[in-house]
Amino acid sequence: MHEMSIATNILEIAEQSMDGHDQLLSISVEIGELAGIEFEALEFCFEALKQSSRYPDLTLDITRIPGKGNCRKCGVSVPMKERFAVCPECGGYTVEPSQGQELRVTSIEVE
Ligand SMILES: [Zn+2]
């Protein structure tokens, strides 16, 4: 599953930033709604993953970044729910995502 490899990746990034600490308490991530990730599937995979990791009490804190785009035809900025959206103003298929494709680890809490 796609989300399992993302969950594994997030955990690896956090582990690399632990800097000598041995307990990982929480990981905060920002994920865009246009990043192509199923939020519920990711949470499910992360739960499964942490049970078999060294940090069973680890929590994953997900902040959703809403999708936004700019229409290249008429210039409006529109909210986007999916990657290929129709411009609500002009009906064009020229909306380019400007926000919502991110996936980043913003902070980790260690002990
Ligand atoms: Zn438009």
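A brief look at the structure comes next. The structure presented is a predicted model; accordingly, all values stated were derived computationally and were not measured.

**Thoughts on the pairing of strand β4 (residues 77-80)**
Logical step 1: Alternating positions in β4 separate cleanly, V78 and M80 being buried on one face and S77 and P79 remaining unburied on the opposite face.
Logical step 2: In the sheet, strand β3 (residues 67-71) pairs with β4 via four bridges, with the strands oriented antiparallel. For K68, the partnering residue across the bridge sits in β4 and is P79.
Logical step 3: Hairpin connection from β3 to β4: five residues lie between these consecutive antiparallel strands, with G75 at a positive phi of about 85°.

**Quick word on the sheet that holds strand β2 (residues 59-65)**
Logical step 1: Across the sheet, which stays open at both edges, the three strands sit in the order β2-β1-β6 with mixed pairing between neighbours. Of all strands in the sheet, those with a lone pairing partner are β2 and β6 (103-110), marking the two edges. Looking at each pair of strands side by side, their axes are set apart by 15° on average, direction ignored.
Logical step 2: As judged from the seven bridges shared by strand β1 (residues 24-32) and β6, these two strands associate in the antiparallel manner. Looking at the pairing, L24 lines up with V110 of β6.
Logical step 3: Contacting β1, β2 and β6, helix α1 (residues 2-16) crosses the sheet at an angle of about 125° to β1.
Logical step 4: Here helix α2 (residues 39-51) sits on the sheet in contact with β1 and β2, set at roughly 165° to β2.

Here is what the cut-offs are and how they apply
- Residues numbered from 1 in each chain as written.
- Predicted model: local features only at pLDDT ≥ 70, side-chain atom pairs only at ≥ 80, totals over all residues.
- Heavy atoms only, no water.
- Buried < 20%, exposed > 50% of the residue type's maximum accessible area, 1.4 Å probe, protein only.
- Helix = DSSP H or I, 4+ residues; strand = E, 2+ residues; numbered from the N terminus.
- Pairing = 2+ DSSP bridges.
- Axes fitted to C-alpha atoms, helices over the stretch in contact; angles between N-to-C directions.
- Contact = heavy atoms within 4.5 Å.

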